[in-house]
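Listed below are the residues making up each chain.
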There are 2 protein chains.
Amino acid sequence: MADKVTIADVARIAGVSRQTVSNALNSPEVVRPETRQRVLEVVEELGYRVNLAARQMRTGRSGLIAIRIDPAGDGINGSVFDRFLHGLTESAAEAGYRLLLYTAGDDDKEIAAFEDLLGAHEPDAFVLTSTHHKDPRTSWLLDRKLPFVTFGRPWSELPEVPHPWVDVDGSAGTEAATEHLLATGHRRIAFLGWPSGSGVGDDRREGWRRALAGAGLDPTGLSRATSDAIADGEAAARDLISGDPDITALVCASDSLALGALQVARSPNPAWHAEAYRRIAVVGFDDTPVAKAIGLTSVHQPLTEAAARCMQLLSRALERTPPGTILLPPSLVVRQSA
Amino acid sequence: MADKVTIADVARIAGVSRQTVSNALNSPEVVRPETRQRVLEVVEELGYRVNLAARQMRTGRSGLIAIRIDPAGDGINGSVFDRFLHGLTESAAEAGYRLLLYTAGDDDKEIAAFEDLLGAHEPDAFVLTSTHHKDPRTSWLLDRKLPFVTFGRPWSELPEVPHPWVDVDGSAGTEAATEHLLATGHRRIAFLGWPSGSGVGDDRREGWRRALAGAGLDPTGLSRATSDAIADGEAAARDLISGDPDITALVCASDSLALGALQVARSPNPAWHAEAYRRIAVVGFDDTPVAKAIGLTSVHQPLTEAAARCMQLLSRALERTPPGTILLPPSLVVRQSA
DNA sequence: AGGCATGATTTGATCGTTCAAGTTAAGGAA
DNA sequence: TTCCTTAACTTGAACGATCAAATCATGCCT
């Protein structure tokens, strides 16, 4: 409380110089073991802790990792980022770093935020999420040789310069989902996703297509694209199902879409005249709390591990080692819906 | 990028001293308007940004606000904290602060984290969540006269020393929920909550009791307490409903419990012999994404506003003004379930 | 014995900012 | 004219750590 213990205090009481205390803590190998021992005892006794602001002035290292957090808590899918964030906070702490949050409306504002942060708090690294085609943020950071990792692949056709990234293999997820449906007897399996152009969305569609192709089935006419909202998912699912009476299962690019699809799948459709209730299997993506709550089968992303891997790559990047990339396999959580 | 612009650079180019630049930025009133103008132009031109580490060394202020984030993404109810966090990040940014995350297993570890942080990053203030009876964290911070706000009331009987807090009036929420049910014709309305002892839980039960009392109804035997999980909610709801055939509605202390209750409410109970499907109205608490997704009527907490109010009180606390307290009213979001 | 490499520790300078005290010039009162 | 006050700005020191260079032993080789 009242006591601000500095390195000079420790030095005086241990009977050594400031630098020796610094060395005992940061470069133990250059200090004689018994001296080091004595210093550490005094450090313990006085409760000394390095003042990061002072260290930062000399070394330029702040011990901070910056990550963007979006202003609006965005319903169902926001939880993916949040779970990742929780994991990252812990992994970062283990590596001796702390997370600094910032907000930014779009890519340009985020780059402005980079400049702000670098001038002010000077984070040692950045973690970027939701990467996309031609992401200006990664090139900006690469140009300045700033350490960063993305959670999400660089979705550009030709990755000019490589950078470290961690991602979950979305296509493997939808492929597993589709194979599960095939194994349980479904033959006409549709896909409900987003308009092509988004790396994540296209990737997830590809996994479904691959599984169908592997079973010798034709995907033509079995795919719909819409924006990521429950109501849109419901409409698209209704369209798909009423247009093709043989469809018995739906693989969706998100739990939001799947939730919309479930509205259709779980209730009889009055348009089908005399036709009785037709049960449609539905699989979602992300394994959000909503999926768990309502028994929706969904593709689970190992977010805690992804966060740990991000920190791992970041540690390497901070030592200026060439970038690594990690693609994690998701897992299918089977519940009542499929 | 390569350029580290310091206050000395600005001073040299503007033809003034370092201190005058500092004053132009921090204490404009002591500088002649035209000088100030010139300095600001150079600042703009060079893209000067104050180095917070250096400032912190002199002033002791870091521009950081620390807040704990729990390691595990905890399903449904975690989203309440996450939404609050998103809002707080934005409010903090508007006030010129940034959020620093840390983790801690329990109260004692959190206090250890306080010590770590204060020695290292030196946050200017703390935001505490999930306050409870005899919370050791608040007394620790009060003892050291450190600025902080809690999101959650001090739940102790006698608040020895006051501290700033923001909270949402839970009892008003359950009261509104119960009144809504009364208004729609329900007479026998049960409450599904947590074991007494938790401030939040007791408060929410109290609102329900108050509404019943207001309508001249007896709450005896209409309340159950259990832990906060879907399965527990289902079991307790089944117990309540099968034990009292007149119950037509359930007010729950959380969306998790409500979700469990819905499993019972929405399906016919085989135990009721010939009795037909009995529809039970259910109201949840927190208005989580799950509630929105499945049409659960729920009590909504104004989390973005709560976050903004926290920052407001924090700003005051940082100026050492006497603590303020703010109790926000929640709102009932009526959906299909009630 | 002298020279030299090596290990262990100390000393002085520095990072970029703000505080506290000092300087300068201009204006007003006696 | 002289002295004092005030406004506007400048100067030196300090925050607490680390870097780079200097010092001081110690042991080994010739």
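Computed from a predicted model, the values in this text were never measured in an experiment.

## Topic: the domain arrangement of chain A
Residue and element names in this part refer to chain A.
At step 1: Once the domains are mapped, chain A shows domain 1 (7-50), domain 2 (64-168 + 303-328) and domain 3 (170-300).
At step 2: Put simply, the middle of domain 2 and the middle of domain 3, counted by C-alpha atoms, are 31 Å apart.
At step 3: Facing 9 residues of domain 2, the contacting portion of domain 3 comprises 17 residues.
At step 4: With both sides pooled, the region where domain 2 packs onto domain 3 buries about 950 Å², and carbon together with sulfur makes up 53% of that total.
At step 5: Joining domain 2 to domain 3, the criterion identifies 1 salt bridge.
At step 6: The partner of Asp203 in a salt bridge is Arg153, and the shortest N-O contact between them spans 3.0 Å.
At step 7: The leading source of residues in the side of domain 2 that touches domain 3 is helix α5 (residues 75-94), at 5 residues.
At step 8: A per-class count over the side of domain 2 that touches domain 3 returns 4 nonpolar, 3 polar and 2 charged.

## Some remarks on the interface of chain B and chain A
At step 1: Each side of the interface is counted separately: chain B has 49 residues, and chain A has 49 residues.
At step 2: Contact between chain B and chain A buries roughly 4100 Å² in total, counting both sides, with carbon and sulfur atoms accounting for 63%.
At step 3: It is Arg49, His86 and Arg98 of chain B in chain B that bury the most area against chain A; as a group they hold 17% of the surface buried on that side.
At step 4: A salt bridge links Glu122 of chain B to Lys4 of chain A; the shortest N-O distance between them is 3.0 Å.
At step 5: Applying the counting rule to chain B against chain A returns 12 residue pairs in polar contact (both at pLDDT 80 or more).
At step 6: Counting residues per element, the ones that place at least two in the side of chain B that touches chain A are α4 (52-59), α5 (75-94), β2 (98-102), α6 (107-119), α11 (255-265) and α12 (289-294) of chain B.

## Points about the UniProt feature "domain: HTH lacI-type" (unreviewed entry) in chain A
At step 1: On the UniProt side, "domain: HTH lacI-type" (unreviewed entry) is annotated at positions that read residues 5-59 of chain A here.
At step 2: For residues 5-59 of chain A, the end-to-end C-alpha separation is 20 Å, with 71% helix and 0% strand making up the annotated structure.

## Here's the deal with the relation of the copies chain B and chain A
At step 1: Turning chain B through 180° and shifting it by 0.0 Å along the axis lays it on chain A, with an RMSD of 0.1 Å. Accordingly, the operation relating the two chain copies is best matched by a two-fold axis.
At step 2: An overlap of 100% is found between the interface residues of chain B and their copies at the interface of chain A, pointing to a shared contact surface.

## Some words on the pairing of strand β11 (residues 325-328) of chain A
All names here are of chain A.
At step 1: Alternating positions in β11 separate cleanly, Ile326 and Leu328 being buried on one face and Thr325 and Leu327 remaining unburied on the opposite face.
At step 2: Here strand β5 (residues 165-168) runs beside β11; their pairing, made up of 4 bridges, is parallel. Bridge assignment links Trp165 to a residue of β11, and that residue is Thr325.

## Quick notes on the protein's contact with DNA strand C
At step 1: Neighbouring DNA strand C are 26 residues, the closest being Ser17 and Thr35 of chain A together with Ile7, Gln19 and Tyr48 of chain B.
At step 2: What you see for DNA strand C is that sugar and phosphate hold 55% of its atoms within 4 Å of the protein.
At step 3: The contact in question runs from a phosphate oxygen of DNA strand C to an N or O atom on the side chain of Thr20 of chain A, over 2.8 Å.
At step 4: The side chain of Ser22 of chain B places a nitrogen or oxygen atom 2.7 Å from a phosphate oxygen of DNA strand C.
At step 5: Where the surface near DNA strand C is concerned, the elements lending two or more residues are α2 (18-26) and α4 (52-59) of chain A together with α2 (18-26) and α4 of chain B.
At step 6: Among the elements that take part in the surface near DNA strand C, α4 of chain B stands out by supplying 5 residues, more than any other.
At step 7: Split by residue class, the surface near DNA strand C holds 8 nonpolar, 10 polar and 8 charged.

## Points about the side chain of Arg98 of chain A
At step 1: Relative to the assigned elements, Arg98 of chain A resides in strand β2 (residues 98-102).
At step 2: No salt bridge is formed by the buried Arg98 of chain A, whose closest oppositely charged neighbour, Asp116 of chain B, lies at an N-O distance of 5.2 Å.
At step 3: For Arg98 of chain A, the contacting residues outside a window of four places in its chain are Gly63, Leu64 and Ile65 of chain A together with Leu100, Leu101, Tyr102, Leu117 and His121 of chain B.

Scoring rules and cut-offs
- Residues numbered from 1 in each chain as written.
- Chains lettered and ligands numbered in written order.
- Predicted model: local features only at pLDDT ≥ 70, side-chain atom pairs only at ≥ 80, totals over all residues.
- Heavy atoms only, no water.
- Domains from an automatic or database assignment.
- Contact = heavy atoms within 4.5 Å.
- Buried area = accessible area lost by both parts, 1.4 Å probe.
- Salt bridge = Lys/Arg side-chain N within 4 Å of Asp/Glu carboxyl O.
- Helix = DSSP H or I, 4+ residues; strand = E, 2+ residues; numbered from the N terminus.
- Nonpolar A, V, L, I, M, F, W, Y, C, P; charged D, E, K, R; others polar.
- Polar contact = N/O pair within 3.5 Å; in protein donor to acceptor, adjacent residues only side chain to side chain.
- UniProt positions renumbered as here; feature names shortened; annotations may be inferred.
- Least-squares fit on C-alpha atoms with pLDDT ≥ 70 in both.
- Buried < 20%, exposed > 50% of the residue type's maximum accessible area, 1.4 Å probe, protein only.
- Pairing = 2+ DSSP bridges.
- Near = heavy atom within 4 Å.
- Lys, Arg positive; Asp, Glu negative; His and termini not counted.

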